[in-house]
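# Observations on the three-dimensional arrangement
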Amino acid sequence: MLHGRELATFRKRLLGWFRQFRRDLPWRRTEDPYRIWLSEIMLQQTRVAAAIPYYERFLERFPDIQTLAAAPQGEVLRFWSGLGYYSRARNLQKAAQRIVAKHGGQFPTRADDVLALPGIGNYTAAAILSIAFGEKHAVLDGNVARVLARLGAIRGDLRESQTWKELQKNANAYLHPKVPGDWNQAMMELGATLCTPKSPQCLLCPVSQFCEGRKLGIAECLPEKRKKRATVEVTLAAAIFADENNRTILLPPPVHAKERASADHVPTLVSKMWHFPTVSVNGDPATKLRACLRELVRGQGDENLRLAPSGKVRHAVTYRDITILPFRIHVKKLPRIKGAQQVPLRDISILPVSNLTRKVAHAALAAAAHLSD
Ligand code: SF4
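In short, a report on the structure. Keep in mind it's a predicted model, so treat the numbers as computed, not measured.

Definitions and cut-offs
- Residues numbered from 1 in each chain as written.
- Predicted model: local features only at pLDDT ≥ 70, side-chain atom pairs only at ≥ 80, totals over all residues.
- Heavy atoms only, no water.
- Near = heavy atom within 4 Å.
- Nonpolar A, V, L, I, M, F, W, Y, C, P; charged D, E, K, R; others polar.
- 1 Å grid on protein atoms, 1.4 Å probe; cavity = no way out; pocket = protein on both sides within 12 Å on 5 of 7 lines; lining within 4 Å.
- Points joined across faces, edges and corners; volume = space filled by probe spheres on them.
- Helix = DSSP H or I, 4+ residues; strand = E, 2+ residues; numbered from the N terminus.
- Core = buried A, V, L, I, M, F, W, Y, C linked by side-chain atoms within 4.5 Å.
- Buried < 20%, exposed > 50% of the residue type's maximum accessible area, 1.4 Å probe, protein only.
- Contact = heavy atoms within 4.5 Å.
- Pairing = 2+ DSSP bridges.
- Salt bridge = Lys/Arg side-chain N within 4 Å of Asp/Glu carboxyl O.
- Polar contact = N/O pair within 3.5 Å; in protein donor to acceptor, adjacent residues only side chain to side chain.

### Here's the deal with the site of the ligand
Near the ligand, the surroundings consist of Arg-150, Leu-151, Cys-195, Cys-202, Cys-205, Ser-208, Cys-211, Arg-214 and Ala-219. For the shell around the ligand, the class distribution of residues is 6 nonpolar, 1 polar and 2 charged.

### What to know about empty space enclosed by the protein
A full pass over the atoms with the stated rule returns 2 cavities of 30 Å³ or more. Reported here for the largest cavity is a volume of approximately 110 Å³. Along the wall of the largest cavity there are 15 residues; nearest its centre are Leu-190, Cys-195, Cys-202, Cys-205 and Cys-211. For the lining of the largest cavity, the element with the highest residue contribution is helix α9 (residues 142-151), accounting for 3 residues.

### Some thoughts on the nonpolar core
Grouped together as the largest cluster of nonpolar side chains are 74 residues, with contacts concentrated most on Phe-10, Trp-37, Met-42, Phe-58, Trp-80, Phe-107 and Leu-190. Looking at this core, the element that brings in the most residues is helix α8 (residues 122-133), giving 8 residues. Contacts of Phe-107, omitting those with residues within four sequence positions, involve Pro-33, Trp-37, Ile-65, Ile-99, Val-114, Leu-117, Ile-120, Ile-128 and Phe-133. Core analysis: the next-biggest nonpolar cluster, separate from the first, contains 27 residues, Ala-263, Phe-276, Tyr-319 and Val-353 among them.

### Here we look at helix α2 (residues 33-42)
Among the 10 residues in α2, 9 count as buried, and that is most of the element. Considered for burial, the residues of α2 that qualify are Pro-33, Tyr-34, Ile-36, Trp-37, Leu-38, Ser-39, Glu-40, Ile-41 and Met-42.

### Digging into the pairing of strand β6 (residues 320-330)
Taking burial as the measure, the 11 residues of β6 include 9 buried ones, the bulk of the element. By the bridge criterion, 11 bridges tie strand β1 (residues 232-242) to β6 in an arrangement that is parallel. When the sheet's bridge partners are listed, Ile-240 is paired in β6 with Arg-328. Where strand β4 (residues 308-309) meets β6, 2 bridges bridge the pair, whose relative direction is antiparallel. Residue pairing for β6: Pro-309 is matched across the bridge by Phe-327. Following strand β5 (residues 313-317), the chain reverses through 2 residues before pairing antiparallel with β6; Thr-318 in that reversal takes a positive phi of roughly 40°.

### Notes on the pattern of salt bridges
Taken as a whole, this structure holds 11 salt bridges when the rule is applied. With a closest N to O distance of 3.1 Å, Arg-29 and Asp-24 form a salt bridge. Per residue, the accessibility class of Arg-29 equals that of Asp-24, and both read exposed. Notably, a salt bridge pairs Arg-35 with Asp-32, separated by 3.5 Å at the nearest N-O pair. Among the charged side chains, a salt-bridge network with shared partners connects Arg-23, Arg-28 and Glu-189.

### A short note on the environment of Ser-310
By secondary structure assignment, the location of Ser-310 is in the loop between β4 and β5. Residue Ser-310 is classed as buried on the basis of its relative accessible area of 3%. When the C-alpha atoms of Ser-310 and Ala-238 are compared, they prove to be 9.9 Å apart, with 72 residues separating the residues in sequence. Leave out the neighbours within four places in its chain, and Ser-310 touches Pro-326, Phe-327, Arg-328, Ala-363, Ala-364 and Ala-367. At a separation of 3.1 Å, a polar atom in the side chain of Ser-310 contacts the main-chain carbonyl oxygen of Ala-308.

And the structure:
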């Protein structure tokens, strides 16, 4: 740990570097807590470059907390569509509604109130409070933890509770009390641009003289690898109905999705959004899918549907490695299924759909184009 003059120099060097080299990002041009909050949520699972266009489009449609709170959930998800991890968008809207109901539409400034909002944990709360309101809260996420582990040559699994506490203590001790928002962003920027997971650029680092990991020659090996959860293989079969106008059917977002889902829980895998009729399979996919469809279209004439295999789609969600087998089903008239909507197969994104569903639609279209060549 650094103290006294060393700590002062460390802070000065990092802040000086940040002010000179910081990337010009849209959420750095504002002190509006809503905008900072939105950026933090988007960046949780998305790279900066990928997040920027979504961030700008989202703010054009939902420029403030009130607009977001009042919007139909389907529309919020549609503007999130493509970013994945849709619980982030659902929680964002729930939190906006709570801010309107409990805080008069003003983003709260007390840490307890911020932490009580859905989807906001310690890291996000600290980021918003420090950047928007200048409150003294040090951020700690995987990115900052990596920097701190290297600076202090801290070994072991960083997510282990004692180690995480030690890292938070270090982060608090380093925090610049006068400019906590800039300080937090400087730590994040160092982790994002120089102290990256692979090949940290220590020669360019403004605080390399304080880095124990570099001095010991172990910076690149830190943080030490965590045990990875074993990958689970999941196979799904999906039905892509297509009528003569190339319209298809999507089922609505599942309402009663389980909180703790099994690896092949279809509502979880389609991100609780609009989706093709889909089943999890471990035997013959066409047989299982046909049985499911029979239930769905019961009493509507021909239940002997002809399923044409349409390629194979691969998709990964957390620890799941998913193979989806799309089956195209040509029909004169699309069956009526309770709650389902008919949409053009080429334009299914007019409803909020997940990346998995979009990939399935592409595969079905590509297979049809291949057949007609
Ligand atoms: S010297 Fe290297 S390892 Fe240490 S903080 Fe800087 S970039 Fe990271």
